[in-house]
Amino acid sequence: MTSYGDRRRERIDDLAAAASVDETPGVSLIASAWRRLRRDPIFLVGLAITVAFIILAVISPWIAPHDPASAPLLDKVRPQTNPVPGPEPGFPLGGDDRGRDLLSRLLVGSRQTLVVGVFATIFGLLGGMALGILAGSFGGAVDSIVMRIVDVMLSVPSLLLAFTIAALAARPGQTTLIIAIAIIQVPIFARLLRGSMLGQRASDHVLAARALGVKRRAIVFRHMLPNSMGPVIVQATLVLAIAIIDAAALSFLGLGSPDDRQPEWGQMLGRSQEFIYDHPHLAVYPALCIIVVALGFTLMGESMREALDPKTRR
Amino acid sequence: MSATMSLKDDATPSTGPLLSVEDLRVTFQRHGEKPFTAVDGVSFDVHPGQTVGLVGESGCGKSVTSLALMGLLPKRGNRVEGRATYEGTDLLSLSDKEMRDRRGRDIAMIFQDPLSSLNPVVSIGIQVTEVMERHQGMSRKDAMPRARDLLERVGIPDPNARLKNYPHQLSGGMRQRALIAMALACEPRLLIADEPTTALDVTIQAQILALLKELVQDTGTALIMITHDLGVVAGLCDEVNVLYAGRIVERGDRHRLFARPRHPYTHGLLSSIPRLDSPRGEKLTPITGSVSDNLPWTSACAFAPRCSHALDVCRQESPPWEWESDGRGLRCFNPVDPEEVRRG
């Protein structure tokens, strides 16, 4: 358990350290990272997947051939002989066990994934930033207390923690899912931000600002925070991928929204288990969607992290 | 040259010192380690409009002195003793908050590395106006034209465009000028410049020094110039204090000090500078050893192990501070004979 927590801590600290090494020209660092990213095929693939996914998620209700909640194929469902209707004209992927169009459900399901992923990341980011700013700007006892709490959270495997939170929640649903996944991201962001803020606190330009009598709040929010955000933003991209996978996992286990009129990939995957031998495509399509989207965010995030890491720069 | 002299003569007599540092002592105490005294009883006065140099090699305590005066040393692990009276108030006894109100308004500081001393993600205009917003309660809109004038004043061409620029878009000299503009924004009466030209190349160094000299003359701001570069001191300072291992070893008017250095350390510093009129093949005369070879000041002269003039007494007793007849101060048992100084 400790070694697990230690490993996670080390990884986060490495990220923070990598970002604060020689941060001299902050803006030109981002500019040079961007120059390298533009020519990085891995980044471009990740970016293409991500952009395609976001566009699909936004326009899906209009391009979906059928209403994902209606059951146009219901009369084709034969519970004994043929529980899952196959493809036919107008229904390229066929239907599910309740006669709903599979393609439409996959398309509209991307919205849920995007909403959960984005909001869980945003809330996790905000919570983590609040703790990180608290620890990184005050230092001393405040820092110790906040970071011990964060360490305790990090020492529990994150998915287990999310299960526990989601299972303890009074009402399962999308909001619960978002909160559960946001909470497990908080310690990662907190530790990351605190690390890079501590680096900023010792920097020359913060000393110069103090020498001009600039107030503490302005030093933290104008001078330390904006210069510490690089690694946090990169981490946010990676966390989006993790949040999407975690959300699918929780829904798969039935900890997501109980309302199955709103399609969700993890939930679709969970329901497909009954038919996995005869109709594996019911599981394959949503799983493929989850994998491709998570891969897109991961490729993008990892190549951004590498581009911003001075150790891997050439 | 004559201009600085006359400025000093106008300003010095009636008013008394602007800042009077008495017996400043800074001790670093890291947990479980022996305390280390970085600044060991430094005293000097700065009069309005005067430029005072603090000179010494790395580790002699000159930067620590300036940080202590500004109240910028971390509270933990450092002990600052002594008095620094600025217009009747002891800066060292002020609370954090009171000191923060004075920094930038009464005393400002210019740092060594202009690139790392500017916030990379905030535009120059906002960094300059920030000081005025803070101390003079100006709105950013009102402060912007002032910031523009300040940039122009410190010799930045096309100040309107520069206000919107970020530090990495400026050259090294421009950045240092911008930092000087920030330091001067609230018209402080005392400016501390900590090696302001070290990170710049030689031609820019000369420009920045000329600018500082001009600003000091025009505004009547007093300047504490901290440097290891005797060339900087020679061009700028009215009075020079030579530091060694945390104590002032020699003080004097710049002309007398340069013409006839009495302390062997000052003498060594001056003779280790290459001269244009010396023959090409001639070797430089270094001061042997390094600052780490010090003896403790309490029971000896710290410089004795490196000193060509050292006597037995130098290793057994601490040399007292003595004033010479020409207004020069000296901490040495066996100073260099003025006649010997005829170099060459």
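These numbers come from a predicted model, not from an experiment. (Residues numbered from 1 in each chain as written. Chains lettered and ligands numbered in written order. Predicted model: local features only at pLDDT ≥ 70, side-chain atom pairs only at ≥ 80, totals over all residues.)

Asks: For the overall build of chain A, give the residues involved together with the corresponding values.
Replies: From N to C terminus, chain A includes eleven helices and zero strands. Reading the secondary structure of chain A in the N-to-C direction produces α-α-α-α-α-α-α-α-α-α-α. The principal-axis extent of the C-alpha atoms belonging to chain A is close to 80 × 45 × 35 Å. Taken across its 314 residues, chain A has 45% of its residues classed as buried. (Helix = DSSP H or I, 4+ residues; strand = E, 2+ residues; numbered from the N terminus. Buried ≥ 20, exposed ≤ 12 C-beta atoms within 10 Å, placed from the backbone.)

Asks: Account for the overall build of chain B, naming residues and giving values.
Replies: The secondary structure content of chain B amounts to eleven helices and twelve strands. Projected onto the principal axes, the alpha-carbon positions of chain B cover approximately 65 × 50 × 45 Å. When burial is assessed residue by residue, chain B has 43% of its 344 residues classed as buried. Here the contacts in chain B between residues at least 6 apart in sequence split such that 64% fall between residues at least 24 apart. (Contact = placed C-beta atoms within 7 Å.)

Asks: How would you summarise the pairing of strand E3 (residues 51–55) of chain B if you had to cite specific residues and measurements?
Replies: Residue and element names in this part refer to chain B. Most of E3 sits inside the fold, with five of its five residues counted as buried. Covered by surrounding structure in E3 are Thr51, Gly53 and Val55 together with Val52 and Leu54, the residues of both alternating faces. In the sheet, E3 pairs with strand E8 (residues 222–227) via five bridges, with the strands oriented parallel. Looking at the pairing, Val52 lines up with Ile224 of E8. Where E3 meets strand E9 (residues 239–244), four bridges bridge the pair, whose relative direction is parallel. Looking at the pairing, Leu54 lines up with Asn241 of E9. (Pairing = 2+ DSSP bridges.)

Asks: Can you explain the sheet that holds strand E1 (residues 19–28) of chain B? Please cite residues and give values.
Replies: All names here are of chain B. The strand order E2-E1-E4-E5 describes an open sheet built from four strands, whose pairing is antiparallel. A single partner strand is all that each edge strand has here, and the edge strands are strand E2 (36–46) and strand E5 (89–90). Alignment of E1 against E2, held across eight bridges, turns out to be antiparallel. Note that in E2 the partner of Thr27 across the bridge is Thr37.

Asks: Just give me the short version of the interface of chain A and chain B, but keep the residues and values in it.
Replies: Contacts between the two partners involve 22 residues from chain A and, on the opposite side, 27 residues from chain B. Elements with a contribution of two residues or more to the side of chain A that touches chain B: helix H2 (26–38), helix H8 (204–211) and helix H9 (216–252) of chain A. The dominant element in the side of chain A that touches chain B, judged by the number of residues it contributes, is H8(A), at seven residues. Of the residues in the side of chain A that touches chain B, the class split is ten nonpolar, eight polar and four charged. (Nonpolar A, V, L, I, M, F, W, Y, C, P; charged D, E, K, R; others polar.)

Asks: Please set out the pairing of E1(B) residue by residue, giving values where relevant.
Replies: Pairing of E1(B) with strand E4 (residues 78–86) of chain B, which is carried by eight bridges, proceeds in the antiparallel orientation. Note on E4(B): the bridge partner recorded for B:Val26 is B:Val80.

Asks: Got a sec to walk through the nonpolar core? Specific residues and values, please.
Replies: In this structure, A:Ile181, A:Ile244, B:Ala181, B:Ile192 and B:Met225 are the most contacted members of the largest nonpolar core, which totals 161 residues. Of the residues forming this core, the biggest block, 17 residues, is contributed by H9(A). In this structure, this core is formed jointly by two domains, domain 1 (120–187) and domain 2 (262–276 + 285–341) of chain B, each of which donates at least three residues. Apart from residues no more than four positions distant in its own chain, A:Ile244 is found in contact with A:Thr113, A:Gly117, A:Ile290, A:Val293 and A:Ala294. (Core = buried A, V, L, I, M, F, W, Y, C linked by C-beta atoms within 7 Å. Domains from an automatic or database assignment.)

Asks: Describe the domain arrangement of chain B, naming the residues involved and giving the relevant values.
Replies: What the domain assignment reports for chain B is domain 1 (120–187) and domain 2 (262–276 + 285–341). Centre-to-centre separation of domain 1 of chain B and domain 2 of chain B, based on C-alpha positions: 44 Å.

Asks: Describe the confidence of the model for chain B, and please don't skip the residues or the numbers.
Replies: Residues and elements named next belong to chain B. For chain B, the average pLDDT comes to 85, and 93% of its residues sit at 70 or higher. Of the regions scoring below 50 in pLDDT, residues 1–13 engages in 14 contacts with residues more than four places distant in sequence or in other chains. Scored by ipTM, the complex comes to 0.83, with pTM at 0.79. (pLDDT = per-residue confidence, 0-100.)

Asks: So what's going on with helix H8 (residues 202–219) of chain B? Which residues, and what values?
Replies: Residue and element names in this part refer to chain B. The first and last C-alpha atoms of H8 sit 26 Å apart over 18 residues, in line with the 26 Å expected at 1.5 Å per residue. Among all positions of H8, only Ile208, Leu209, Leu212 and Val216 are buried. End-on view of H8: buried residues confined to an arc of 100°, all on one side of the axis. Counted as exposed and oriented over 90 degrees from the buried face of H8: Thr203 and Asp218. In this structure, the buried residues of H8 make contact with E3, helix H7 (172–184), strand E7 (190–194), E8 and helix H9 (230–236). Two residues or fewer past H8, Gly220 is found with a positive phi of approximately 75°. (Expected span 1.5 Å × (residues − 1). Arc of directions from axis to C-beta.)

Asks: Break down the environment of B:Gly281 for me, with residues and values.
Replies: Tracing the chain through its elements places B:Gly281 in the loop between helix H11 (264–271) and strand E11 (322–323). With 236 residues separating them along the chain, B:Gly281 and B:Asp45 place their C-alpha atoms 42 Å apart.

Asks: Residue-level account of the environment of B:Gln316, with values.
Replies: Residue placement: B:Gln316 occurs in the loop between H11 and E11. Note: C-alpha distance between B:Gln316 and B:Cys301 (15 residues apart in sequence) is 8.0 Å.

Asks: Quick rundown of the packing of helix H3 (residues 41–63) of chain A against helix H11 (residues 281–308) of chain A? Include the residues and the values.
Replies: In helix packing, the relevant descriptors are the interaxial angle and the interaxial distance, both defined with respect to the helix axes. All names here are of chain A. Interhelical geometry of H3 versus H11 gives an angle of 135° and a closest axis separation of 7 Å. One element, H3, and the other, H11, form an angle in the oblique class. Where H3 crosses over H11, the two elements pack in a sense that is left-handed. In this structure, H3 uses Ile42, Phe43, Val45, Gly46, Leu47, Ile49, Thr50 and Phe53 to contact H11, whose residues at the interface are Val292, Val293, Leu295, Gly296, Phe297, Leu299, Met300 and Ser303. Residues belonging to the contact of H3 with H11 are distributed by class as follows: twelve nonpolar, four polar and no charged. (Axes fitted to C-alpha atoms, helices over the stretch in contact; angles between N-to-C directions. Parallel < 35°, antiparallel > 145°, perpendicular 65-115°, else oblique. Left-handed = near helix turned anticlockwise from the far one by under 90°.)

Asks: Report on the sheet that holds strand E12 (residues 329–330) of chain B, specifying residues and quantitative values.
Replies: Residues and elements named next belong to chain B. Ordered by their spatial adjacency, eight strands build an open sheet running E6-E7-E8-E3-E9-E10-E12-E11, and the pairing between neighbours is mixed. Only two strands of the sheet have a single neighbouring strand rather than two, namely strand E6 (107–110) and E11. Pairing of E9 with strand E10 (residues 247–253) involves six bridges; the strand directions are antiparallel. The residue of E10 that forms the bridge with Val242 is Glu250.

Asks: Please provide a residue-by-residue account of helix H4 (residues 124–136) of chain B, values included.
Replies: With 13 residues, H4(B) extends 19 Å between its outermost C-alpha atoms, agreeing within 8% with the 18 Å of an ideal straight helix rising 1.5 Å per residue. Among the 13 residues in H4(B), ten count as buried, and that is most of the element. Those residues of H4(B) lying buried are B:Ile124, B:Gly125, B:Gln127, B:Val128, B:Thr129, B:Glu130, B:Val131, B:Met132, B:Arg134 and B:His135. Those residues of H4(B) that are buried are in contact with H9 of chain A together with helix H5 (140–153), helix H6 (159–164) and H7 of chain B. Among the residues trailing H4(B), B:Gly137 stands out with phi positive, at a value near 60°.

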